[in-house]
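Fold and contact review
Listed here are the chains, written in short residue letters.
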Amino acid sequence: MRTAGAGAVTPALAGREVRIAGWVHRRRDLGGLVFLDLRDRSGVVQASAGPGWSSPEALEAVRGVGSEDVVAVRGVVNPRPEGARNPGMATGDVEVQVAELEVLNKARTPAIPVYLPPEEELPSEKLRLRHRVLDLRRHELQAKLALRHRLLLAVRNYFDRQGFLEIETPILTKPTPEGARDFLVPSRMHRGEFFALPQSPQIYKQLLMIAGFDRYVQIARCFRDEDLRADRQPEFTQIDVEASFAGPEDIYGWCEGLMAELAEVAGLEAPIPFARLTYREAMERFGCDRPDLRYSLEIRDFTPVLGELESVILRGAVAAGGRIRGFRLEGGARLARKRILGLETAARSGGAPGLLWAKVTEDGATGPLGRFFRDDTRTRLGLEAGDLLVAAAGPDGITSSALDATRGAAIEALAPPRVTEHAWLWVTGFPVFEEAGDGSLAANHHPFVQPRPSDAHLLDSEPLAVRGLAYDLVYNGTELGSGSIRIHDAELQRRILAMLGLQPDEIAAKFGFLLEALGTGAPPHGGIALGVDRLVACFSGAGSLRDVIAFPKTTTARASFEGAPAPVAEAELAALGIGVRE
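Residues numbered from 1 in each chain as written. Predicted model: local features only at pLDDT ≥ 70, side-chain atom pairs only at ≥ 80, totals over all residues. Heavy atoms only, no water.

Points about the environment of Thr361
Looking at where Thr361 falls in the secondary structure, it is placed in strand 14 (residues 356–361). Sequence separation between Thr361 and Val34 is 327 residues; the distance between their C-alpha atoms is 66 Å. With sequence-adjacent residues up to four places away left out, Thr361 is seen in contact with Arg378 and Ala385. (Helix = DSSP H or I, 4+ residues; strand = E, 2+ residues; numbered from the N terminus. Contact = heavy atoms within 4.5 Å.)

A closer look at the sheet that holds strand 13 (residues 323–329)
In space, the 5 strands of this open sheet follow the order 12-13-16-14-15, with antiparallel pairing throughout. Since the sheet does not close on itself, it has two edges, and those belong to strand 12 (300–301) and strand 15 (364–366), each with one partner. Helix-sheet contacts for helix 9 (residues 312–319) involve strand 13, strand 14 and strand 16 (388–394), and the interaxial angle to strand 16 is about 45°. (Pairing = 2+ DSSP bridges. Axes fitted to C-alpha atoms, helices over the stretch in contact; angles between N-to-C directions.)

What to know about the sheet that holds strand 11 (residues 275–278)
Overall, mixed pairing links the 8 strands, which are arranged 6-9-10-22-21-20-17-11 in an open sheet. Looking at strand neighbours, the two that pair on one side only are strand 6 (165–166) and strand 11, the edges of this open sheet. Pairing between strand 9 (residues 215–223) and strand 10 (residues 235–244): 9 bridges, direction antiparallel. Note that in strand 10 the partner of Arg215 across the bridge is Ala243. The strands that helix 5 (residues 202–210) touches are strand 9, strand 10 and strand 22 (525–531); relative to strand 10, the one it contacts most, it runs at about 20°.

Digging into helix 1 (residues 56–63)
For the α-helix, the turn length of 3.6 residues means that residues three or four positions removed from each other point alike. Of all the positions in helix 1, only Ala58, Leu59 and Val62 are classed as buried. The arc that holds the buried residues of helix 1, viewed along the axis, is 100°, so those residues lie on one side. Exposed side of helix 1, more than 90 degrees from the buried face: Pro56, Glu57 and Glu60 are the residues found there. Buried residues in helix 1 make contact with strand 1 (17–29), strand 2 (34–40), strand 3 (43–49) and strand 5 (94–105). (Buried < 20%, exposed > 50% of the residue type's maximum accessible area, 1.4 Å probe, protein only. Arc of directions from axis to C-beta.)

Notes on a negative patch on the surface
A grouping of Glu330, Glu362, Asp363 and Glu384 is seen on the molecular surface, where their side chains present a negatively charged patch. Mapping Glu330 onto the fold places it in the loop between strand 13 and helix 10 (337–349). (Patch = residues over 30% accessible without salt bridge, like charges linked within 9 Å, V, L, I, M, F, W, Y side chains within 5 Å. Areas by Shrake-Rupley, 256 points an atom, 1.4 Å probe, with all protein chains shown as cover. Salt bridge = Lys/Arg side-chain N within 4 Å of Asp/Glu carboxyl O. Lys, Arg positive; Asp, Glu negative; His and termini not counted. Charge placed at Lys NZ, Arg CZ, Asp CG, Glu CD.)

So, the packing of helix 10 against helix 12 (residues 396–414)
Running from N to C, helix 10 and helix 12 point in directions that differ by 150°, and their axes come no closer than 7 Å. As the angle between them shows, helix 10 and helix 12 are arranged roughly antiparallel. Seen along the crossing, helix 10 lies across helix 12 with a hand that is right-handed. The residues of helix 12 that touch helix 10, namely those facing Arg339, Leu343, Ala346, Ala347 and Ser349, are Ala402, Ala405, Thr406, Ala409, Ala410 and Ala413. Residue composition of the contact of helix 10 with helix 12, grouped by class: 8 nonpolar, 2 polar and 1 charged. (Parallel < 35°, antiparallel > 145°, perpendicular 65-115°, else oblique. Left-handed = near helix turned anticlockwise from the far one by under 90°. Nonpolar A, V, L, I, M, F, W, Y, C, P; charged D, E, K, R; others polar.)

Have a look at this one:
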């Protein structure tokens, strides 16, 4: 049916007869001549029908086709006339002169357009997700999914060269707490009992290390029943990696080598080695554990200077044990009041009650903070005329997240020059525990992180100060992956689970099989999980994760193109021994 793809019709085929097939991208009827842009996955090519080379039947058939009709064309490839060439098309120097056209399938009028002139906006995302099949015909989305394919192919080839085995782990698993809610699957054969869809293959890959497989990799499907954000989906894909007799430096080396190869596939840069920051450094200098290092803007501690000013808010925050931290925004005094309100809104979204600011001029300082400045305040802070000083006062737990949000808003408002286009970063030394809302301990990453040997003595006295052998990979402010060296001692693992509030019977029920396996002789091991969807989105410049997933869910966790989730008949529920209660 085809001898060439539409995008493969090049001047090298001039004078030859070809058969092409695809969708009618658009049609232009100029009276005596009719032009079709014919599209398939490989690209778009122009086909022309005219009385000099097309039969009356072929000319009539071309005039009868509409947008998105599926057609097959037989014709000769000819160079376009000099003034008719289209440099915007890869096939713009040639056309196929139609000798015969067959309509393979007529299409209804498309609910959303596949072809849009450059000046027109796309339909709303809600509408495009409802008609996903049509939306996927757009070249932009097909190119992103093609890149995804090439990246994953490179992943498999890379890890094969490093001696890793790709091993599949179960999709129907045992419910275990990993920080998010499980999707549960009722068992028909064992009424009242449930499988869970895996949040990750974490425990299975540890079991594979204990079983002696040494190096494991998997392109793994994972599931989390949690509220969605722009960078999350209920089902996602990760590059899951685990290795025995490995430390953090081994994981860094493998991942940096992988990112260098993937960046080359995508036409980007990943100069090795990547920068590193400890968790504490990242929080102190940027207010978050995934800072975007394309910009040099860093948080500064203004407490020694601003804490002396005659401000009840500032002095009260310092007296309560807090600090005054913020940014010197070079040239920020030019921002209009509306823009500064945007910075204040960002700070509130990060948890702060507000944001203090001062515009610095040749004559002094203005603004809620500027009115408290002393004669030497500007000099001591290193401020210049034209600067904007913004600050948040209070405990670091509040000001860090607020200043992270403010930093993002300031970068958007001021568009400062970038230090680099591709900012790669390892964040290391995450705490093993964090404080839950009720004051109890919760796992910062997950319950299987190996504490740093140098901090092990703090487990009982200062558990929140215990750092783990955990690390995140960050690219341009996006967390691409998270990993750690795992606990390989059964008694230490039992102790950590108990510190997280699990009772002995819970530990036995939920993790008994892991503890039993660890007790058989587990090697030191560790790994990482890299998010495929985020990686492809970053490498392709996609504005949303949904643009790099063939059939994504909406922000309300629905598949609107197929109407899922959907009700199930009572008879089917009864067979599972469950019912729906309002």
